[in-house]
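Coordinate inspection notes
Read off the chains here:
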Amino acid sequence: MKNLIIIIGTIILGAVIVNTLVLGDGISLKTASEKIVEHGSNAIMESLHFGQGQP
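Residues numbered from 1 in each chain as written. Predicted model: local features only at pLDDT ≥ 70, side-chain atom pairs only at ≥ 80, totals over all residues. Heavy atoms only, no water.

A few words now on the environment of Leu21. If you trace the backbone, Leu21 turns up in helix H1 (residues 2-21). The spatial distance from the C-alpha of Leu21 to the C-alpha of Thr31 is 9.6 Å, given a sequence separation of 10 residues. (Helix = DSSP H or I, 4+ residues; strand = E, 2+ residues; numbered from the N terminus.)

Below, the structure written as structure tokens:
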């Protein structure tokens, strides 16, 4: 019985962690990764002078 309670508690804790870190709105890993990708893409485009007619 004690092992069953530990297993259920671990599953609930894992679900809470995934929900807040990965799927959460605002401050989450998903939001942070989107910002990093956007910043990286902008830096690459600026370094290449993309769309300014330079060879």
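After that view, the rundown keeps rolling.
Moving on, we get to a nonpolar patch on the surface. A surface patch of nonpolar side chains, amounting to about 630 Å² of accessible area, comprises Leu13, Ile17, Val18, Leu21, Val22, Leu23 and Leu29. A per-element tally of the nonpolar patch places H1 first, with 4 residues. With respect to the helices and strands, Leu29 occurs in helix H2 (residues 29-48). (Patch = residues over 30% accessible without salt bridge, like charges linked within 9 Å, V, L, I, M, F, W, Y side chains within 5 Å. Areas by Shrake-Rupley, 256 points an atom, 1.4 Å probe, with all protein chains shown as cover. Salt bridge = Lys/Arg side-chain N within 4 Å of Asp/Glu carboxyl O.)

Separated by 11 residues in the primary sequence, Leu29 and Val18 place their C-alpha atoms 9.9 Å from one another. If sequence neighbours within four positions are ignored, Leu29 has contacts with Leu21 and Val22. (Contact = heavy atoms within 4.5 Å.)

So yeah, pure geometry; function would need other evidence.
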